[in-house]
Amino acid sequence: GENVEQHPSTLSVQEGDSAVIKCTYSDSASNYFPWYKQELGKRPQLIIDIRSNVGEKKDQRIAVTLNKTAKHFSLHITETQPEDSAVYFCAASIMANAGKSTFGDGTTLTVKP
Amino acid sequence: DTAVSQTPKYLVTQMGNDKSIKCEQNLGHDTMYWYKQDSKKFLKIMFSYNNKELIINETVPNRFSPKSPDKAHLNLHINSLELGDSAVYFCASSALAETQYFGPGTRLLVL
């Protein structure tokens with residue numbers, strides 16, 4: 001089955017700096033890679049996703065890159081703000097395989113004002 | 001309108017009791033999940049259902065029994081609660097294996 005590794009487990013940056021979180025996956029058939037943000041006491045929510053036919057996707061200050069050959073994808077947050085502080089989860093799945101998504105262990109991002 | 005709802009939001013109970021958590025989604029999704037999130041923040045998949053059929057049943061004690069009466073509902077029944085069951089339980093739904101929409105979570109505390 002799929003295995004997803006996420007690094008680092010914790011990340012602390014100064015406000016305004018960039019943050020990068022990396023994930024690797026094992027199943028080359030995986031074709032859908034979402035990122036979820038979970039604020040303290042809240043539910044995980046999708047912030048950005050990428051499909052395997054695209055190498056990069058950007059939405060304002062966040063971007064995701066995908067390297068299918070190396071089987072890794074990364075979340076980039078620029079100009080970080082204190083409200084970016086949260087736990088971030090990556091995941092990987094084969095879109096047609098209902099019910100089978102694998103999550104990384106999460107990264108706790110702290111943005112210091 | 002709430003997309004994925006769970007009841008109750010909080011559950012405080014004694015060891016040995018039996019309890020249930022209910023989940024409903026109004027997104028028309030065909031797949032639903034139960035996750036356990038403990039103090040270490042890992043999101044551990046417990047079960048997933050597609051069109052009421054069990055897809056994933058991870059290494060979970062058989063004290064935990066899911067039930068999907070229809071595509072919009074996935075309930076979780078827990079027998080003989082133990083201290084280690086204390087956690088936040090999230091329900092989620094998706095279309096196939098695409099974006100998951102999570103419920104607000106049920107915070108279970110076993111005393």
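Details of the interface of chain B and chain A
Here is step 1: Across the boundary between the two partners, chain B contributes 22 residues, which contact 23 residues of chain A.
Here is step 2: The junction of chain B with chain A conceals about 1900 Å² of combined surface from both sides, 58% of it contributed by carbon and sulfur atoms.
Here is step 3: Linking chain B with chain A are one salt bridge, by the criterion used here.
Here is step 4: Where Arg51 of chain A meets Glu98 of chain B, a salt bridge forms, and the shortest distance between an N and an O atom there is 3.2 Å.
Here is step 5: Across the chain B-chain A interface, the total number found is ten residue pairs in polar contact (both at pLDDT 80 or more).
Here is step 6: Elements that contribute at least two residues to the side of chain B that touches chain A include exactly β4 (31-37), β5 (43-50) and β6 (53-57) of chain B.

Concerning the sheet that holds strand β3 (residues 19-25) of chain B
Residues and elements named next belong to chain B.
Here is step 1: In space, the four strands of this open sheet follow the order β1-β3-β8-β7, with antiparallel pairing throughout. The open sheet has two edge strands, β1 (4-7) and β7 (64-70), and neither has a second partner. Each neighbouring strand pair of the sheet contributes to a mean axis angle of 15°, computed without reference to strand direction.
Here is step 2: Note: β7 against strand β8 (residues 73-78), five bridges, orientation antiparallel. In the sheet register, Lys67 faces β8, and the bridge partner there is Asn75.

Focus: the packing of aromatic side chains
Here is step 1: Across all of its chains, the model carries 13 aromatic pairs over all chains by this definition.
Here is step 2: Geometrically, the ring pair formed by Tyr25 of chain A and Phe73 of chain A is tilted, given 6.0 Å between the ring centres and 55° between the ring planes. Taken together, the positions of Tyr25 of chain A in strand β3 (residues 19-25) and Phe73 of chain A in strand β8 (residues 72-77) put the pair 48 residues apart, joining distant regions of the chain.
Here is step 3: Judged by relative accessible area, Tyr25 of chain A falls into the buried class, the value being 5%.
Here is step 4: A ring pair is formed by Trp35 of chain A and Phe73 of chain A, whose centres lie 5.6 Å apart and whose planes are at 65°; its orientation type is edge-to-face. With a gap of 38 residues between them, Trp35 of chain A in strand β4 (residues 32-38) and Phe73 of chain A in strand β8 connect regions that are remote in the sequence.
Here is step 5: Following the ring pairs from residue to residue traces out a cluster consisting of Tyr36, Phe89 and Phe103 of chain A together with Tyr33, Tyr35, Phe90 and Phe102 of chain B.

Description of the pattern of salt bridges
Here is step 1: Counted according to the given criterion, the structure contains six salt bridges over all chains.
Here is step 2: Close ionic contact of Lys57 of chain A with Asp49 of chain A constitutes a salt bridge, the shortest N to O distance being 2.8 Å.
Here is step 3: Residue Lys57 of chain A is classed as partly exposed on the basis of its relative accessible area of 35%.
Here is step 4: Given a relative accessible area of 10%, Asp49 of chain A falls into the buried group.
Here is step 5: A salt bridge links Asp85 of chain B to Arg63 of chain B; its shortest N-O distance comes to 2.8 Å. With a gap of 22 residues between them, Asp85 of chain B in the loop between β8 and β9 (87-94) and Arg63 of chain B in the loop between β6 and β7 connect regions that are remote in the sequence.

Points about the nonpolar core
Here is step 1: Of all hydrophobic cores here, the largest spans 23 residues; its most connected members are Trp35, Phe73 and Leu109 of chain A.
Here is step 2: The set of elements that each furnish at least two residues to this core consists of β2 (10-14), β3, β4, β5 (45-51), β7 (62-67), β8, β9 (86-93) and β11 (107-112) of chain A.
Here is step 3: With residues up to four places along the chain from it excluded, the contact list for Phe73 of chain A reads Ile21, Lys22, Cys23, Tyr25, Phe33, Trp35, Thr65, Leu66, Cys90 and Ala91 of chain A.
Here is step 4: By size, the runner-up hydrophobic cluster in this structure holds 20 residues, among which are Phe47, Tyr49, Leu74 and Tyr89 of chain B.

Some points on the environment of Ala29 of chain A
Here is step 1: Mapped onto the secondary structure, Ala29 of chain A falls in the loop between β3 and β4.
Here is step 2: C-alpha of Ala29 of chain A to C-alpha of Phe89 of chain A: the two residues are 60 residues apart in sequence and 20 Å apart in space.

A closer look at the state of the cysteines
Residue and element names in this part refer to chain B.
Here is step 1: Summed over the entire model, instances satisfying the criterion amount to two disulfides over all chains.
Here is step 2: With its sulfur 1.8 Å from that of its partner, Cys23 forms a disulfide with Cys91. Its torsion about the S-S bond being -75°, the disulfide of Cys23 and Cys91 is classed as left-handed. A residue pair is termed long-range when its members are at least 10 positions apart, and Cys23 in strand β3 and Cys91 in strand β9 qualify at 68 residues.

Quick notes on the rules
- Once a new chain begins, its residue numbering starts again from 1 and follows that chain's sequence as written.
- Each chain gets a letter, beginning with A, and each ligand a number, beginning with 1, in the order they are written.
- Restriction of local features to residues with pLDDT of at least 70 applies here, the model being predicted, together with a cutoff of 80 or more for giving and counting side-chain atom pairs; totals for whole chains, interfaces and linings are based on all residues.
- The side-chain numbers reported here are obtained from all heavy atoms of the structure, hydrogens and water having been left aside.
- Throughout, a residue-residue contact means that at least one pair of heavy atoms, one from each residue, lies within 4.5 Å.
- A quick way to say it: buried area is the sum, across both parts, of accessible area lost when two parts are put together, with a 1.4 Å probe.
- One side-chain nitrogen of Lys or Arg within 4 Å of one carboxyl oxygen of Asp or Glu is enough to make a salt bridge.
- Any pair of N or O atoms that falls within 3.5 Å is considered a polar contact. Within protein, one atom must be able to donate a hydrogen and the other to accept it, and sequence-neighbouring residues count only if both atoms are side-chain atoms.
- Each helix is a run of DSSP H or I of at least 4 residues and each strand a run of E of at least 2, with the numbering of both proceeding from the N terminus.
- At least two DSSP bridges between two strands are required for those strands to pair.
- Think of each axis as a best-fit line through the C-alpha atoms, taken over the contacting stretch in the case of a helix, with angles from 0 to 180 degrees between the N-to-C directions.
- Aromatic pairing here means that ring centres of Phe, Tyr or Trp (its six-membered ring) are within 6.5 Å. Orientation follows from the plane angle: under 30 degrees is stacked, over 60 is edge-to-face, and everything else is tilted.
- Think of it in three bands: residues with accessible area under 20% of the maximum for their type are buried, residues over 50% are exposed, and the middle band is partly exposed, with areas taken using a 1.4 Å probe on protein chains only.
- In this description, a nonpolar core means a group of buried Ala, Val, Leu, Ile, Met, Phe, Trp, Tyr and Cys residues linked to one another through side-chain atoms lying within 4.5 Å.
- Only a pair of cysteine sulfur atoms within 2.5 Å counts as a disulfide in this structure description.

Keep in mind that these numbers describe shape and distance, not what the molecule does.
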